[in-house]
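# Fold and geometry: a report
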Amino acid sequence: MQEFSFDIPLQPIEDEITIAAGVKLFMLRTDLNHPYFGGNKFFKLKYNLEEARKRKKEAIVTFGGAFSNHIAATAVAGKVYGFKTIGIIRGDETGDLNPTLKFAMEQGMELHFVSREIYKLKENFDFIDKAQFSKSTILQINNSFIIPEGGANSLGIKGCSEIGNYITIPYDVICCPCGTGTTLAGIILSLDVAQKALGFQVLKGENYLQNEVDKWLHEFSSAYKSWSINEDYHFGGYAKRTPQLIAFVEEFERLHNIPLDFVYTSKMMFGIYDLMQKNHFQKGQTVIAVHTGGLQGNAGFKIKSKD
Ligand SMILES: *Cc1c(COP(=O)(O)O)cnc(C)c1O
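Note that this is a predicted model, so its numbers are computed, not measured.

## Observations regarding the site of the ligand
- Close contacts around the ligand come from 15 residues, with K41, N69, T180, T183 and T292 the closest.
- In this structure, K41 approaches the ligand through a side-chain N or O atom, which is 2.7 Å from an oxygen atom.
- G181 is positioned such that a nitrogen or oxygen atom in its backbone is 2.8 Å from an oxygen atom of the ligand.
- Against a free-state accessible area of 380 Å², the protein chains account for coverage of 97% of the ligand.
- Of all the elements in the fold, those that place two or more residues in the shell around the ligand are α2 (39-54), β7 (173-178) and α9 (182-189).
- No other element matches α2, which puts three residues into the shell around the ligand.
- Here the shell around the ligand is built from residues that sort into three nonpolar, ten polar and two charged.
- In this structure, the shell around the ligand is formed jointly by two domains, domain 1 (10-35 + 153-306) and domain 2 (40-151), each of which donates at least three residues.

## Considerations on the nonpolar core
- Core analysis: the biggest nonpolar cluster contains 44 residues, and F37, I174, L184 and V213 have the highest contact counts within it.
- Taken domain by domain, this core gets at least three of its residues from each of domain 1 (10-35 + 153-306) and domain 2 (40-151).
- The residues touching V213, leaving out its near neighbours within four places in the chain, are G181, L184, A185, I188, W227 and I229.

## Details of the domain arrangement of the chain
- Each assigned domain of the chain is listed with its residue range as follows: domain 1 (10-35 + 153-306) and domain 2 (40-151).
- Facing the 24 residues of domain 1 at the interface are 18 residues of domain 2.
- Counting the surface lost from both domain 1 and domain 2, the interface buries some 1800 Å², and carbon and sulfur atoms represent 59% of this.
- It is N153, L155 and Q296 that lose the most area in domain 1 upon contact with domain 2, and together they represent 28% of the buried surface on that side.
- One can count one salt bridge joining domain 1 with domain 2.
- Its salt-bridge partner being K46, residue E162 comes within 2.7 Å of it at the nearest N-O pair.
- In this structure, the connection of domain 1 to domain 2 is made through ten residue pairs in polar contact (both at pLDDT 80 or more).
- Sorting the residues of the side of domain 1 that touches domain 2 by element identifies α8 (154-160), α9 and α13 (298-306) as the ones contributing at least two each.

## Some thoughts on the pairing of strand β9 (residues 226-230)
- As judged from the five bridges shared by strand β8 (residues 196-201) and β9, these two strands associate in the parallel manner. By the bridge assignment, L198 is partnered in β9 with S228.

## Remarks on the pairing of strand β2 (residues 24-29)
- Burial of β2 is extensive: five of the six residues sit out of reach of the surface.
- Two strands pair when backbone bridges link them, and β2 and strand β10 (residues 286-291) are joined in this way by six bridges, in the parallel orientation. Paired with L25 across the bridge in β10 is V287.

Criteria and thresholds
- Residues numbered from 1 in each chain as written.
- Predicted model: local features only at pLDDT ≥ 70, side-chain atom pairs only at ≥ 80, totals over all residues.
- Heavy atoms only, no water.
- Near = heavy atom within 4 Å.
- Polar contact = N/O pair within 3.5 Å; in protein donor to acceptor, adjacent residues only side chain to side chain.
- Areas by Shrake-Rupley, 256 points an atom, 1.4 Å probe, with all protein chains shown as cover.
- Helix = DSSP H or I, 4+ residues; strand = E, 2+ residues; numbered from the N terminus.
- Nonpolar A, V, L, I, M, F, W, Y, C, P; charged D, E, K, R; others polar.
- Domains from an automatic or database assignment.
- Core = buried A, V, L, I, M, F, W, Y, C linked by side-chain atoms within 4.5 Å.
- Buried < 20%, exposed > 50% of the residue type's maximum accessible area, 1.4 Å probe, protein only.
- Contact = heavy atoms within 4.5 Å.
- Buried area = accessible area lost by both parts, 1.4 Å probe.
- Salt bridge = Lys/Arg side-chain N within 4 Å of Asp/Glu carboxyl O.
- Pairing = 2+ DSSP bridges.

Pasting the structure below:
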C-alpha cells in the first residue's frame, strides 16, 4: 500500500507557565502530516484500510456528524488509496454543505444524510432498512468495508499504538484529548512501566470514558499500564466553547505559533496549562501533549459564530 511520508515533529513548548511548573513540555505534531488526513485519524484508519484492501473491498462506508474530522480524513484516504467512500451523515441535509462535507464530497465521497433518530440505530442490523436507502445504495453498502464512527475499533487502536513511535526522547506523561477513547487506548498500549497516559475528556458524562477505555483495553494485554482520565475541562460538552477557551487558544497560538482546534486539542492544552499551574506534574517531568489535529473543524466554527 502506498505510504505517506511523515513529518511528525516533537516541538518543545516553553513559556512562563512551563518554567514556573518546572515541566518540560513537548507537543507531538501529528496534525502536520496532512491538513485533513492528519492527526489521530490517520493512525485510526491505517489498519482499517489495510484490512479493507486484504478483503478486496472496493468501497468504504463510514459514519459521522456534519463537522466530523473522521469523515474528512476517510474521504481523503479513499482518494489517496483508491477506495470509493460513502459517508453516512447524522442530521438532515439543510441547504448548503458546510466546509467539512463540501471537502469530503470534493474528494469523491458519496454522502447520505439520515435523521438523528435513524443515525442512533447505525449499529443495529436493520439500520439499512430503517434508513430507507435506495436499492443500489444498499447493494453498495453490503459490499463495502464498514468503519465505525470515529474509526473507533480494534484496528484503530492498533494504529494509535504507533503514535508513540514518533517520540524520540524519554518522557514521563503523555496526554491526548478523548472522544471515544480509542486513541488513548492505543497510546496506553505503547507505555512502558514508568510512563503514564492522561486523557482529557471533551464530552460531558461522569466515568463514561473510563468504562469505554477499560472496554477497549480488554481486547489487548494492558497489565502494568498506568493511565487516567481528566473530566474537568470539557467546557460544557462536545464542541461547546467559552470566551475563556477562545482567549486561551488565541494566546497559545500567538506565543507558540501552534493552532489548536476548538473541539479537542484546545481543551487538552487548557487542561495541561491549568494543571501545571496547580503543580499537578512533578518538577523535572517531561510531558508530551499529542496534537491530534482536527483543525479542519475550525472552519465550521467560523460559520456557526456568524449566525
Ligand atoms: C477524533 C478526534 C479525537 C478523539 O479521538 P478518540 O480516539 O475518539 O478518543 C481527538 N482529537 C481530534 C483532533 C480528533 O479529531
